[in-house]
Every structure is written in C-alpha cells, then in structure tokens.
Amino acid sequence: MIKKKNGFMTFICSLMPGAGEMYLGFMKEGLSIMCLTFGMFIGSTFLNIDWFIYGVIIIWFYSLFNVHNKVSLTDEEFYMLEDRYLFQLESLLPEGKLNGKQSRVFGWILLFLGISIIWRPSIRNLLAVLRTYISSDFADVVGNYLYSIPQFIIAAILIISGVRMILKKKSDLDTEQELFPENDNSEK
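Summary of the structure given here. (Residues numbered from 1 in each chain as written. Predicted model: local features only at pLDDT ≥ 70, side-chain atom pairs only at ≥ 80, totals over all residues. Heavy atoms only, no water.)

Let us now look at the overall build of the protein chain. Each helix and strand in the protein chain was counted, giving eight helices and zero strands. Ordered by position in the sequence, the α and β elements of the protein chain form the string α-α-α-α-α-α-α-α. A total of 188 residues make up the protein chain; the buried ones form 22% of that total. If you sum the accessible surface of the protein chain, you get close to 14100 Å²; carbon and sulfur atoms cover 67% of it. (Helix = DSSP H or I, 4+ residues; strand = E, 2+ residues; numbered from the N terminus. Buried < 20%, exposed > 50% of the residue type's maximum accessible area, 1.4 Å probe, protein only. Areas by Shrake-Rupley, 256 points an atom, 1.4 Å probe, with all protein chains shown as cover.)

A few words on the side chain of Glu21. By the secondary structure assignment, Glu21 is in helix 2 (residues 19-24). Buried within the structure, Glu21 lacks any salt-bridge partner; Lys70 is the closest side chain of opposite charge, at an N-O distance of 5.9 Å. Engagement of the side chain of Glu21 in a polar contact is seen with the side chain of Asn66, the distance being 3.0 Å. Beyond its immediate stretch of four places on either side in the chain, Glu21 contacts Phe26, Glu29, Gly30, Ile33, Ser63, Asn66 and Val67. (Lys, Arg positive; Asp, Glu negative; His and termini not counted. Salt bridge = Lys/Arg side-chain N within 4 Å of Asp/Glu carboxyl O. Polar contact = N/O pair within 3.5 Å; in protein donor to acceptor, adjacent residues only side chain to side chain. Contact = heavy atoms within 4.5 Å.)

Okay, helix 4 (residues 52-71) next. Because each turn of an α-helix spans 3.6 residues, side chains separated by three or four positions in sequence point in the same direction. With 20 residues, helix 4 ought to run about 28 Å at 1.5 Å a step, and its terminal C-alpha atoms sit 29 Å apart, in line with that. Every buried residue of helix 4 is accounted for by Phe52, Gly55, Val56, Ile59, Ser63, Leu64, Asn66, Val67, Lys70 and Val71. When helix 4 is viewed along its axis, its buried side chains cluster within an angular range of 165° and face the same direction. Seen from the buried face of helix 4, the exposed residues on the opposite side, beyond 90 degrees, are Tyr54 and Ile58. (Expected span 1.5 Å × (residues − 1). Arc of directions from axis to C-beta.)

When you line up the elements, Asn66 lands in helix 4. Assessed through its relative accessible area of 12%, Asn66 is described here as buried. One polar contact links Asn66 to Glu29, side chain to side chain, over a distance of 2.7 Å. Among residues more than four places away in sequence, those in contact with Asn66 are Glu21, Glu29 and Ile33.

Within the secondary structure, Phe61 sits in helix 4. Along the backbone, Phe61 and Pro17 are 44 residues apart, and their C-alpha atoms lie at a distance of 8.2 Å.

According to the stated counting rule, one finds two salt bridges in the structure shown. Lys70 is the salt-bridge partner of Glu29, the closest N and O atoms lying 2.3 Å from each other. On the criterion of sequence distance, the pair formed by Glu29 in helix 3 (residues 27-45) and Lys70 in helix 4 is long-range, its members being 41 residues apart. A salt bridge links Asp140 to Arg131; the nearest nitrogen and oxygen atoms lie 2.8 Å apart. Of the residues examined, Arg131 reaches a relative accessible area of 41% and is grouped as partly exposed.

Right, let's get into helix 3. The end-to-end C-alpha distance of helix 3, which contains 19 residues, comes to 26 Å, matching closely the 27 Å that a straight helix rising 1.5 Å per residue would cover. Listed in full, the buried residues belonging to helix 3 are Glu29, Gly30, Ser32, Ile33, Thr37, Met40, Gly43 and Ser44. Buried residues belonging to helix 3 abut helix 2 and helix 4.

Turning our attention to the packing of helix 3 against helix 4. Describing two packed helices takes the angle between their axes plus the distance from one axis to the other. Viewed as axis vectors pointing N to C, helix 3 and helix 4 meet at an angle of 160°, and their least axial separation amounts to 8 Å. Considered as vectors, helix 3 and helix 4 are oriented roughly antiparallel to each other. As for how helix 3 packs across helix 4, the hand of that crossing is left-handed. Only Phe52, Ile53, Gly55, Val56, Ile59, Tyr62, Ser63, Asn66 and Lys70 of helix 4 make contact with helix 3, whose side of the interface consists of Glu29, Ile33, Leu36, Thr37, Met40, Phe41, Gly43 and Ser44. (Axes fitted to C-alpha atoms, helices over the stretch in contact; angles between N-to-C directions. Parallel < 35°, antiparallel > 145°, perpendicular 65-115°, else oblique. Left-handed = near helix turned anticlockwise from the far one by under 90°.)

This is how it looks when you write it as structure tokens:
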C-alpha cells in the first residue's frame, strides 16, 4: 500500500534515483528508475560510452523532482496515483514485437551503440601506428579530428532534425492558410 510520507527520510532517499519512489511506496516506478540509472551508469563506465553519463544526470534530476512533487501533493491526489513501471512495454510493442519503423530505429540505435563502444579503442590503436610510422604531430592532428567525429555526427543529426521540423511546421501552416484563408492575419 502506498503511504504518503514526508520529512528527512524522504529527502535522503530522493538523493538515490528510484529509492525515493520506493520509499514512498511506488516500487515499480522506483525499480524502473533505478534499473535505468544503473544501466546507463554501467554503459558509461564499463562499455566506455562516455555520453551515457548525461543520461544518468537527467534521470537523477527527474527522480529527485518526481519524489518531491509527489510529497507536495494533497492527500487525495497522492492516494489517486498508481504505481506503474516507467516504460509500458505493451504500449510500445502492442503486438508483442517490433514493427517495421520500430525495428529500423532500434537497429540504428544498436549500430550507434556498437560503434560508440569500439570508437575510442580503434582510434587509440590507429594513433599508436601513426606515431610509430609517421610522426607524433601528424597523429595528434588526426586524433583531434577522429575523436570529434561522433560530436559532428550528433550535431548534424540535430541540425537536420531541427530543419525538417521547421520545414514541416511551415508546410503545415501554409496548408492551413490555403484551407482556411479567412484566418490569414498577414494582410491586416
């Protein structure tokens, strides 16, 4: 049974992602947050995917504010809350398996994670060869560019996605103005 609690122990438990939710009685939600946090942390440390640490920070802030928002609810609002897992797999996978688009997105994510894992060790080995056979200065220049490629790729993806969203919104607005010319405020 979920019981509303407050005070010092809620604050202490809220410092560990998922523990605050569990302390308040939301075991499924707390377990989801805790597993996601430790999964991202393990990915960051053991798999050497450095950018996962940003996910850990985001989850930590989400959990901290989630707990404090729940404690600040009125008793009626608090007792109406349901304990659910963070990700509802039945809503993500209605047929129990990935559809075409989901499969393609998941495949790209796996490909990106795999490349992220082998990127740094591969570059270190290449730079060792360049230092041995060519020159240390040349290896440093090449290394600076190679280490920056993932950031360039992510930046390009963000820019392209932003431009596509802007163009789609502009196209939607133009279509709306063609369908409903009486709502056109540009002539006033």
